[in-house]
Amino acid sequence: MPTNFTVVPVKDSSGKASERIEEDDGDENDESRENEDAAGDGVPKENSPFINNTDNDKSSSYDGTNMALFEEEMDSNPMVSSLLDKLANYTNLTQGAQEHEEADDDEGSKKKAVKSPQMGTFMGVYLPCLQNILGVILFLRLTWIVGTAGILESLAIVGLCCSCTMLTAISMSAIATNGVVPAGGSYYMISRSLGPEFGGAVGLCFYLGTTFAGSMYILGTIEILLTYIVPKAAIFVAEKKEDQGDALLNNMRVYGTCCLTLMSVVVFVGVKYVNKLALVFLACVILSILAIYAGVIKTIFEPPDFPVCMLGNRTLQNHNFDKCLKMDMVGNVTATTQLWKLFCKGPDFNATCNEYFLNNNVTQIQGIPGLTSGVISENMWSVYGPLGMLVENKKLPSVGGSDPTQDIYLPYVVNDIASFFTLLVGIYFPSVTGIMAGSNRSGDLRDAQRSIPVGTILAIFTTSVIYFTCVVLFGACIEGVLLRDKFGDSVKGNLVIGTLSWPSPWVIVIGSFFSCCGAGLQSLTGAPRLLQAIARDGIVPFLQVFGHGKANGEPTWALLLTAGICEIGILIASLDAVAPILSMFFLMCYLFVNLACAVQTLLRTPNWRPRFKYYHWALSFLGMSLCLALMFISSWYYAIVAMVIAGCIYKYIEYRGAEKEWGDGIRGLSLNAARFALIRLEEAPPHTKNWRPQCLVLLNLDSDQVVKHPRLLSFTSQLKAGKGLTIVGNVLEGTFLTKEAEAKKAEQNIKSSMTAERTKGFCHVVVSSNLRDGVSHLIQSAGLGGMKHNTVLMAWPGNWKQSNDPQSWRNFIETVRETTSAHQALLVAKNVDSFPANQERLGEGTIDVWWVVHDGGLLMLLPFLLRQHKVWRKCKMRIFTVAQMDDNSIQMKKDLQTFLYHLRLNAEVEVVEMHDNDISAFTYEKTLVMEQRSQMLKQMQLSKTEREREAQLIHDRNTASRASMNDKSEAVPDRVHMTWTKEKLFTERNRNRECNSNVAMRDLFNMKPEWGSLNQTNVRRMHTAIKLNEVVVNKSQGAHLVLLNMPGPPKNRGGDENYMEFLEVLLEGLNRVLLVRGGGREVITIYS
């Protein structure tokens, strides 16, 4: 692609014009800029001032002499002065609401410079936390909670929940002050502290909690609208009292869906309107709370007049009657009232009436008796009850029992849900959430590390005081039956908390309405951005689409998904049913914030240096335990569902998600746990019962650093089934300085092959001057402490005969010797490319074990391990052993069957008799060819010294010949000078070598030795190999896999090439073979 250069004059500080060359790579630069945002941890790339920053201006070189010693490192290691200068100008502010507004106002223009954050503790943290914590539950449910649970248990509920959030705020403050926290809030803190798996799981839980919080606020808005502001706006109207609940839910669904749609449009059109209205909504909350306290004070002198009509000790719904009387004087005539018509079948005095109505008097009590009335003693204890239980005042007289079949049709105030302590905890907890509002604005704060702890803790303390005092004041001012009247039916449909306020109940109604609206808009604004942040991190692949949005960064797709999930909460339609759901997700989030702080504190990681010092790991564990307890107290089944969701997300990210290295605490915890386990794991060999093959797999790579035999990895995973240690090793020839890039490429290719073959383990690439030393280093040093390999797995060098370099099979034999010396088992797979892949499923067949010599039981253990894998599960195990002439084969079979029975192995047993036959002529001929080939190789393989001596002789001979020719020939001019070039020298040397080789080979076959002169040891070994091969081929040629004892190499290294011939003869005619050589110890036992 063409590269264009543009010379742009740039003035420096002295006013002189200098030329700067700008490089324009066209589309490549555009793509690189786009990819920068997704680099690293997935968040927009920060202008980091630290070392190894490729974005630094590399043209600014240092020309002085004071630092000449370091001038070559200036590109990667900047001077301290430039580092401090960049740190002073460093900002972590990402594109926030202010930039969105600028993008909306000036589309197409260049983005304006980001202003430095200026918000302080009060405006940036304290007030947002206050607005998010105080909300719908305070206005709509706290009076009912106090009336139902009583003052004491209500204080316990408030104390539990506020303690949970305070402990979480302490942990959060420690995390937030441990370095710069970019915009992203709690998700950023958790993910960078506990890793991408926990971060993604908790981030999505926090997202779901925020989304359902939006549902709760919208339902609260509609409840206030339809119950207290315009009840006549209801679409569904119940003709019967028993249908009122269903009608209300249907109205909530319709109006809630409309409200959600409207709010989503507002958020989509412009978030700037939401941010500008935030202060208005906050003002509504504060004014409402002040009105409550003013009303409480007023009740001391002049309690408000809100009478509650009682029939006997039962509370009546005051909707359809004006006077709390059975009969009234109209003029001079006694007439029945509207209340009479509700309990009787007509207005006449002789009409049939409800028995309880006739037997009990109608009385009026004050709903707000006042702070000094002493009603606090009556509201001290709980009054729980089932669905449909009548709201009663036990102090009033009551005659006659209740008839539940009739009471549901009468205008009594009843429980709309069954009430109990744990339910109230779940309903109340959302009123203390919102403590993350300050940390979510960390990018807008002037000093986030100071503002977040102070503002958050101060806001929690303030709201806790408000909640505690409200619980006591509500119990001290309001009559118990009115407190338990959730919707204010006994006071003509007034909001209960509004009856207490001053100067008018409408202050609370309007204030709570706008407060719920604002909180709903904030949830619909914050939740999509949280989802967008998770999507852009790239840890959950299927969420990638939600990372995109409008040109100005607005998360359009995330907003649509948020609205869809929010609609689920709207369709539930019950505020009391939605509140415990979001309680679970918020508690899950707070639990992991405490866990993150505790883990970092206990691990004492070097980077854990929070400026906030008032924390302790015990407080974090207490907060974590409290969160977990509150989850199960609120709703054990919701808690299990939330934990299952989080667990599924965790496993999904672990299995499919992108790998991220964020320096998280879980990785540090894993390192500490690994160190502790390795120290506990002694270097002494494990007990026989715990022995399993810990494999070092020696792989070969081709010239392009691609794995030659990937099926070796497949076989490893089948043998290991994901258990134990697997180290995949490879050796590159050369020096590390020159082969560093190749080593990295080889390591990447090996890891890719391991992933493709589902082999879990570690990769170790060694660069050595020669292959022999490299393999030796791997065998000696791979592993750590007691976690070292005990088995070496490698492929059979199938082309050793065709190779011109004898070093290949010599390396193989030396590897066999070294594993024996290291007391490690050795597995050699022949025809490994024909071994089954992990996706294959072998049908009915056998795994044949040829137990010739005892190797510690490894031959019998390996088939058992293989059959644990799906590939080999259907295969049967057969064990063959060899009986000599003097052995009792029948007794051997019985003994072997008994031995296998005690080993708990199921296998067929067969004893093969090998008689001492005379050595055949074929054996002599095979031995003869082997020894001839060995002698021929020795003569053909000249040493380096001999080759150099031969080249020098050729050179001297030709030089002498040329000199004599020059002396004899007078006709040749002096200027003609015959020389030997390098090419001619090598041509002549190779021609002479070929002649000598042909002569040597011809002489070898001419002087063929007699059979009697053969090495009898070689003859006997060849005889054993041929006879054993005949028996194995006859019995196991159709087996899926043959396991065979591997004989050891000769102690005399002169016979190494013969050893390879013996093995070749032994394996001839067999497809899949695994040669097994034990490590010199027992690996299987009959004992438990």
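These numbers come from a predicted model, not from an experiment.

A.B. asks: I keep staring at the overall build of the protein and nothing clicks. Help me out?
C.D. replies: Secondary structure summary: the protein contains 34 helices and 17 strands in total. Considering the protein as a whole, with its 1088 residues, one finds that 48% of them fall into the buried category. Expressed as a percentage of contacts within the protein between residues at least 6 apart in sequence, the contacts between residues at least 24 apart total 80%. Looking at the protein as shown, the accessible area adds up to about 54600 Å², and 56% of this sits on carbon and sulfur atoms.

A.B. asks: Is there a simple way to think about the pairing of strand β16 (residues 1041–1045) in this case?
C.D. replies: For a regular strand, the rule is simple: side chains alternate between the two faces of the sheet. β16 sits mainly inside the fold: five of its five residues count as buried. Side chains L1041, L1043 and N1045 of β16 all project onto a buried face; the interleaved residues V1042 and L1044 project onto the opposite face, where all are buried too. In the sheet, strand β13 (residues 845–851) pairs with β16 via four bridges, with the strands oriented parallel. Looking at β16, one finds that I847 is bridged to L1041. Bridge analysis of β16 against strand β17 (residues 1073–1077) gives four bridges, and the strand direction is parallel. Counterpart to L1043 in the pairing with β17 is L1074.

A.B. asks: Got a minute to help me understand the sheet that holds β13 in this structure?
C.D. replies: Strand-to-strand pairing in sheets goes through backbone hydrogen bonds, with the strands running parallel or antiparallel. Pairing within the open sheet is mixed, and its 10 strands lie in the order β10-β9-β8-β11-β12-β17-β16-β13-β14-β15. One side of each edge strand has no neighbouring strand; the edge strands of this open sheet are β10 (762–768) and β15 (908–913). Averaged over all adjacent pairs, the angle separating strand axes in this sheet is 20°, with direction ignored. Those strands touched by helix α25 (residues 736–756) are β9 (726–733) and β10, and its axis lies near 155° from that of β10. Relative to β15, helix α29 (residues 889–902) is tilted by about 150°, and along the sheet it contacts β13, β14 (875–883) and β15.

A.B. asks: Would you mind showing me how to read the state of the cysteines here?
C.D. replies: Two cysteines, two sulfur atoms, one covalent bond between them: this is a disulfide. In this structure the tally under the stated criterion is two disulfides. A disulfide bridge connects C309 with C324, and the sulfur atoms are separated by 1.9 Å. Residues C309 and C324 share a disulfide whose torsion about the S-S bond is about 80°; that sign makes it right-handed. Here the residue C309 occupies a position in strand β3 (residues 307–311), and C324 occupies one in the loop between β4 (314–315) and β5 (327–330), the gap between them amounting to 15 residues.

A.B. asks: Teacher, can you tell me more about helix α18 (residues 505–537) here?
C.D. replies: Taking 1.5 Å of rise per residue, the 33 residues of α18 would be expected to cover 48 Å, and the 48 Å separating its terminal C-alpha atoms lies within 8% of that figure. G538, located one to two residues past α18, shows a positive phi value of around 75°.

A.B. asks: Before we go on, may I ask you to explain the sheet that holds β4 in this structure?
C.D. replies: If you trace the three strands from one edge of the open sheet to the other, you get β4-β3-β7, paired in antiparallel fashion. Among the strands making up the open sheet, the edge pair consists of β4 and β7 (362–366). By the bridge criterion, five bridges tie β3 to β7 in an arrangement that is antiparallel. Bridge assignment links P307 to a residue of β7, and that residue is Q366.

So, how was this worked out
- Residues numbered from 1 in each chain as written.
- Predicted model: local features only at pLDDT ≥ 70, side-chain atom pairs only at ≥ 80, totals over all residues.
- Heavy atoms only, no water.
- Helix = DSSP H or I, 4+ residues; strand = E, 2+ residues; numbered from the N terminus.
- Buried < 20%, exposed > 50% of the residue type's maximum accessible area, 1.4 Å probe, protein only.
- Contact = heavy atoms within 4.5 Å.
- Areas by Shrake-Rupley, 256 points an atom, 1.4 Å probe, with all protein chains shown as cover.
- Pairing = 2+ DSSP bridges.
- Axes fitted to C-alpha atoms, helices over the stretch in contact; angles between N-to-C directions.
- Disulfide = S-S within 2.5 Å.
- Expected span 1.5 Å × (residues − 1).

By themselves, these figures tell us nothing about what the structure is for.
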